[in-house]
Amino acid sequence: MAKTAQQPVLVIMGVSGSGKSTVAGVLAGKLGWDLAEGDDLHPEANVAKMHSGQALSDEDRWPWLGIISDWIRAHVDSGTPAIITCSALKKKYRDVLRGEGVVFVFLQGSKDKISDRLASRHGHFMPPSLLESQFDALEEPTEDEHHISLCVSASPAEEADEVIERLGLRPLGAGTEVTAS
């Protein structure tokens with residue numbers, strides 16, 4: 001009897017400008033997995049606050065994290081591999097999102113490198129002026145969190161390939177593991 005190992009739900013995390021959306025899109029394309037942009041799930045008040053240059057408070061984030069958590073749980077519960085982007089800067093935020101079948105992919109880079117990326121990005125509601133607050137809030141994942149870290153020095157396609165290789169991910173419909181019945 002053929003049995004396929006459960007593939008995870010990936011949470012692509014990091015500060016604004018680290019490449020979460022781009023890497024997640026490349027991964028979803030290579031794997032054929034469901035993809036959600038966490039920023040699209042923000043309540044309108046959060047978007048307006050960030051657009052005006054104000055950092056979100058924890059109180060602003062809790063409802064948004066709940067929506068993301070529900071999306072993750074629905075995929076884990078149905079056994080559907082998926083990818084979602086979320087800054088997930090603090091451990092207490094990741095605690096809301098983590099669980100069996102969830103892997104955080106931390107895209108990390110220097111403040112200078114990320115600042116250069118933000119300077120060339122257009123049409124996003126998160127202004128570059130909030131980057132400092134993102135780095136101030138950042139708590140890197142710890143050993144008790146199921147995660148991998150990637151330095152954002154390669155191309156998005158190379159970063160996606162590294163994630164696939166390090167986590168042993170498979171495109172939908174690819175590779176079954178044969179086990180005795």
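Everything that follows concerns the structure shown earlier in this document.
Residues numbered from 1 in each chain as written. Predicted model: local features only at pLDDT ≥ 70, side-chain atom pairs only at ≥ 80, totals over all residues. Heavy atoms only, no water.

*Asks:* Looking at this model, I keep getting lost on the sheet that holds strand E3 (residues 34–37). Mind explaining?
*Replies:* Adjacent strands of a sheet form backbone hydrogen bonds with each other and so pair up, either parallel or antiparallel. Within the open sheet, the 5 strands sit side by side as E3-E4-E2-E5-E6. Their pairing is parallel. The open sheet has two free edges, formed respectively by E3 and strand E6 (147–151), since each of these has just one partner strand. The average undirected angle you get between the axes of adjacent strands in this sheet is 20°. Pairing analysis gives 4 bridges linking E3 to strand E4 (residues 82–85), with the strands arranged parallel. When the sheet's bridge partners are listed, Leu35 is paired in E4 with Ile83. Across the sheet, helix H1 (residues 20–31) is in contact with strand E2 (9–13), E3, E4 and strand E5 (102–108); its angle to E4 comes to roughly 170°. Running at roughly 150° to E6, helix H7 (residues 156–167) makes contact with E2, E5 and E6 of the sheet. (Pairing = 2+ DSSP bridges. Helix = DSSP H or I, 4+ residues; strand = E, 2+ residues; numbered from the N terminus. Axes fitted to C-alpha atoms, helices over the stretch in contact; angles between N-to-C directions. Contact = heavy atoms within 4.5 Å.)

*Asks:* Sorry if this is basic, but what is going on with helix H3 (residues 58–78) here?
*Replies:* One turn of an α-helix holds 3.6 residues; hence residues three or four places apart share an orientation. In this model, H3 (21 residues) spans 30 Å end to end at C-alpha, consistent with the 30 Å of a helix rising 1.5 Å per residue. Within the span of H3, buried status applies to Asp58, Asp60, Arg61, Trp64, Leu65, Ile68, Ser69, Trp71, Ile72 and His75. If you follow the buried residues of H3, they end up packed against E2, E3, helix H2 (44–51), E4, helix H4 (91–97) and E5. In the stretch just after H3, Gly79 is the one whose phi turns positive, near 75°. (Expected span 1.5 Å × (residues − 1). Buried < 20%, exposed > 50% of the residue type's maximum accessible area, 1.4 Å probe, protein only.)

*Asks:* In this structure, what is going on with unusual backbone geometry? I would like to understand it.
*Replies:* A positive phi angle, near 45°, is found at Ala88, a position not held by glycine. Topologically, Ala88 is positioned in the loop between E4 and H4. Judged by its relative accessible area of 1%, Ala88 falls in the buried class.

*Asks:* What should I look at first to understand the nonpolar core in this one?
*Replies:* It is characteristic of soluble globular proteins that their nonpolar side chains tend to be buried jointly. Judged by nonpolar contacts, the single largest core of 44 residues is most densely connected at Leu10, Leu27, Ile72 and Leu97. If one sorts the elements of this core by residue count, E5 sits on top with 6 residues. Beyond its immediate sequence surroundings of up to four residues, Ile72 is in contact with Val9, Val11, Ile84, Leu97 and Val102. (Core = buried A, V, L, I, M, F, W, Y, C linked by side-chain atoms within 4.5 Å.)

*Asks:* Explain H2 to me, please; I cannot follow it from the model alone.
*Replies:* Every buried residue of H2 is listed here: Asn46, Val47 and Met50. The arc that holds every buried residue of H2, seen down its axis, measures 100°, which confines them to one face. Those residues of H2 that are exposed and aimed more than 90 degrees away from the buried face are Glu44 and Ala45. Each element contacted by the buried residues of H2 is listed here: H3. Once H2 finishes, Gly53 follows within two positions and takes phi at roughly 90°, a positive value. (Arc of directions from axis to C-beta.)

*Asks:* I'm lost on the side chain of Lys20 in this one. Help?
*Replies:* Its place among the elements puts Lys20 in helix H1. For the buried residue Lys20, which engages in no salt bridge, the nearest side chain bearing the opposite charge is Asp39, 6.0 Å off. Within polar-contact distance, the side chain of Lys20 engages the backbone oxygen of Gly14 at 3.0 Å. Setting aside residues no more than four positions away along its own chain, Lys20 makes contact with Ile12, Met13, Gly14, Val15, Thr85, Cys86, Ser87 and Leu107. (Lys, Arg positive; Asp, Glu negative; His and termini not counted. Salt bridge = Lys/Arg side-chain N within 4 Å of Asp/Glu carboxyl O. Polar contact = N/O pair within 3.5 Å; in protein donor to acceptor, adjacent residues only side chain to side chain.)

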